[in-house]
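What follows is the residue order along each chain.
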Amino acid sequence: KVLLTEEQISRETESVVQEIKITIDREKLNEFINNEISQTIEREAEAVSISKNKEGKIIITGKGSDGIKVQRGVLKQSLELAINEKITEVEIQTGTIKAPVVISQEVREMGIKELVAIGHTSFYGSPANRVHNIKTGMEKLNGTVINAGQIFSFSETIGPVDDTTGYKKELVITKKGTIPEYGGGLCQVSTTLYRAAIFAGLPIVERAPHSYVVSYYAQILGDGLDATVYIGGQDLKFSNDTGFPILIQGYVEDNNAYFKFYGTSDGRSVKLDGPYKSNYRYPPKEVLYTEDPSVAPGEKRLVEKKNTGFDALWYRTITRPEGTETKEEILSRYRAGQEKYLVAPGSASNP
């Protein structure tokens, strides 16, 4: 018969408790994931097929969207650790399922063999007319081929922008202010295309940021990677120096716009670093009123909101297969925006 002190009993009990490890049944966990998590997180990959029809036109079928899958083994380990160590939060780790890319032999012989780059922006919160114009512009550019050595012009490719080409009136930044014009929202299209060109490592021939910060373009990656366009004025241009044609695929998915470049990779890689913000500029407190005959007496029409200006700097580093690096600056200067209204003639001094 062995008599233990109270302290010895406490130590022995603690030792036994420490040796108990709780594990999770894998089948039950998979059942839980299927019922409670999968529908909101997981997504099947959607293939893309690129071929030519009888008329020789390139046809793109499917979006080529990557899938998302919960890393179930990792989640099991994380949950077991959390239970045994009394951790209150567990991050659900996911993996990417690459979308199959099926390209016909006829198209491959052109030099269009693989996915080269992706441009992505979000237009969450956009009004209906802006969404309509974005979709119209994306569809217009879908299927465009940029030949080797060609300088692509957004304005020339998009063509006329008015009611006859399917566009609606929406807010556009002009010298007069931010007012409704046909095609408002096309800058979302040009910005998405600009980002695809940036990630493809293509030389940018012409690009300008918006005069002031537009919140839509910061939803993905942050400020400083936008490209404003105005048909007949500011354009977006870049050069295809890959030595092979580039096929543009453009589509909208939920509140997201995508441009994908298909061609032949020469092995270059691109790294972006930024944005670095500086030189903040603050708007004047005074409100600016401008007389306009289109405004009815007593009406006051807001054409620009007050906003802070700043500089946003990015660095793009392009690394060639032989190891040479080219580092470029992408600088965007956004002015401070004064609150502006249009008022009826004769009422600017007493709005």
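Above this text is the structure in question.
To keep things clear, this report deals only with the structure shown in the data block. No experiment lies behind these values; they were computed from the predicted model shown.

## Some remarks on the sheet that holds strand 20 (residues 340-343)
Right, so step 1: With mixed pairing, three strands are arranged side by side in an open sheet as 16-20-17. Looking at strand neighbours, the two that pair on one side only are strand 16 (288-291) and strand 17 (300-304), the edges of this open sheet. Adjacent strand axes in the sheet meet at a mean angle of 35 degrees, parallel and antiparallel pairs treated alike.
Right, so step 2: Sheet topology note: the strand 16/strand 20 ladder contains four bridges and is parallel. Bridging from a neighbouring strand, leucine 288 pairs with lysine 340 of strand 20.

## A word on the side chain of glutamine 188
Right, so step 1: Along the chain, glutamine 188 falls in helix 7 (residues 186-199).
Right, so step 2: With near-sequence residues (within four places) excluded, glutamine 188 lies in contact with Thr121, Ser122, Phe123, Arg130, Ile134, Tyr216 and Tyr217.

## Focus on the sheet that holds strand 6 (residues 114-122)
Right, so step 1: If you walk across this open sheet you meet the four strands as 6-14-13-7, and the pairing is antiparallel. Either end of the sheet is taken by a strand with one partner, and the two such strands are strand 6 and strand 7 (145-146).
Right, so step 2: Bridge analysis of strand 7 against strand 13 (residues 246-253) gives two bridges, and the strand direction is antiparallel. In the sheet register, valine 145 faces strand 13, and the bridge partner there is leucine 247.
Right, so step 3: Lying on the sheet, helix 5 (residues 128-141) is in contact with strand 13 and strand 14 (256-263); it crosses strand 13 at an angle near 155 degrees.
Right, so step 4: Sitting on the sheet, helix 7 is in contact with strand 6, strand 13 and strand 14, with an inclination near 140 degrees to strand 6.

## Brief notes about unusual backbone geometry
Right, so step 1: With an omega dihedral of -5 degrees, the bond running from glycine 274 to proline 275 counts as a cis peptide bond.
Right, so step 2: Considering the arrangement of structural elements, one finds proline 275 in strand 15 (residues 269-281).
Right, so step 3: Phi at leucine 221 takes a positive value of approximately 75 degrees, unusual for a residue other than glycine.
Right, so step 4: A positive phi is found at asparagine 279, a non-glycine position, where the angle reads about 50 degrees.
Right, so step 5: Locating asparagine 279 in the fold gives a position in strand 15.

## A short note on the packing of aromatic side chains
Right, so step 1: Counting across every chain of the model gives seven aromatic pairs.
Right, so step 2: Both rings, one in tyrosine 251 and one in tyrosine 258, keep their centres 5.3 Å apart while their planes meet at 25 degrees; by these two values the pair is stacked.
Right, so step 3: Taking relative accessible area as the criterion, tyrosine 251 reaches 9% and is therefore assigned buried.
Right, so step 4: On the accessibility criterion, tyrosine 258 (16% relative accessible area) is buried.
Right, so step 5: Taken together, the ring pairs in this structure connect Phe152, Phe238 and Phe261 into an aromatic cluster.

## Examining the nonpolar core
The tendency in soluble globular proteins is for nonpolar side chains to be buried side by side.
Right, so step 1: Phe154, Leu193, Phe238 and Phe261 are the most contacted members of the largest nonpolar core, which has 39 residues in total.
Right, so step 2: Among the secondary structure elements, those contributing two or more residues to this core are helix 5, helix 6 (154-158), helix 7, strand 13 and strand 14.
Right, so step 3: The element best represented in this core is helix 7, accounting for eight residues.
Right, so step 4: With sequence-adjacent residues up to four places away left out, phenylalanine 238 is seen in contact with Ile146, Gln150, Ile151, Phe152, Leu193, Ala197, Leu202, Pro203, Ile204, Val205 and Phe261.

Analysis parameters
Residues numbered from 1 in each chain as written. Predicted model: local features only at pLDDT ≥ 70, side-chain atom pairs only at ≥ 80, totals over all residues. Heavy atoms only, no water. Pairing = 2+ DSSP bridges. Helix = DSSP H or I, 4+ residues; strand = E, 2+ residues; numbered from the N terminus. Axes fitted to C-alpha atoms, helices over the stretch in contact; angles between N-to-C directions. Contact = heavy atoms within 4.5 Å. Phe/Tyr/Trp six-rings, centres within 6.5 Å; stacked < 30°, edge-to-face > 60°. Buried < 20%, exposed > 50% of the residue type's maximum accessible area, 1.4 Å probe, protein only. Core = buried A, V, L, I, M, F, W, Y, C linked by side-chain atoms within 4.5 Å.

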